[in-house]
Amino acid sequence: GKVVIVVGVTPDLTQKVSAGEVVKQLAPVVGGRGGGRPDFAEAGGKDPSKIGDLLTASRTVLEKMLNA
C-alpha cells in the first residue's frame, strides 16, 4: 500500500541530473517526500493510485533537467 522511489544517476550525468532533486520533485505526486545525494536518492509515498502520474511526471522532470 505504499510507494518507494529509488533514483540512481551515473557520475557523468550528476552535473545535469541530481537524483536528490528528482525525488524531491516526484515524491509529492504520490503523497510523499524524500531526498538524497546527486548520485542516489530515495523517497516514499502513500498513494499507489498515482503511480501512473508519477511515471509521466518522471519523464517531464528528466527531460527538463537534461535539456537545461
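The structure we're discussing is the one just above.
Residues numbered from 1 in each chain as written. Predicted model: local features only at pLDDT ≥ 70, side-chain atom pairs only at ≥ 80, totals over all residues. Heavy atoms only, no water.

Draft legend 1. Highlighting the nonpolar core. One finds Ile5, Val7, Val22, Val23, Leu26 and Leu54 to be the most contacted residues of the largest nonpolar core, which totals 17 residues. When contributions to this core are tallied by element, the ones reaching two or more residues are β1 (3-8), α1 (19-26), β3 (40-45) and α2 (51-67). With residues near it in sequence (within four places) discarded, Val23 still touches Ile5, Val7, Pro28, Gly34, Gly35, Ala41, Glu42 and Ala43. (Core = buried A, V, L, I, M, F, W, Y, C linked by side-chain atoms within 4.5 Å. Buried < 20%, exposed > 50% of the residue type's maximum accessible area, 1.4 Å probe, protein only. Helix = DSSP H or I, 4+ residues; strand = E, 2+ residues; numbered from the N terminus. Contact = heavy atoms within 4.5 Å.)

Draft legend 2. Seen up close, the pairing of β3. Residues of β3 alternate between two faces, with Ala41, Ala43 and Gly45 buried on one and Phe40, Glu42 and Gly44 left unburied on the opposite face. Note that strand β2 (residues 33-36) and β3 share 4 bridges and pair antiparallel. Paired with Gly35 across the strands is Glu42, a residue of β3. Linkage of β2 to β3, two consecutive antiparallel strands, is achieved through a turn of 3 residues. (Pairing = 2+ DSSP bridges.)

Draft legend 3. Structural view of α2. In a regular helix each residue adds 1.5 Å, so 17 residues correspond to 24 Å; α2 covers 24 Å between its end C-alpha atoms and thus fits that length. Those residues of α2 lying buried are Leu54, Ala57, Ser58, Val61 and Met65. Here the buried residues of α2 occupy an arc of 115 degrees about the axis, which is enough to place them on one side. Turned more than 90 degrees away from the buried face of α2, the exposed residues are Leu55, Thr56, Arg59 and Asn67. The inward-facing, buried residues of α2 contact β1 and α1. (Expected span 1.5 Å × (residues − 1). Arc of directions from axis to C-beta.)

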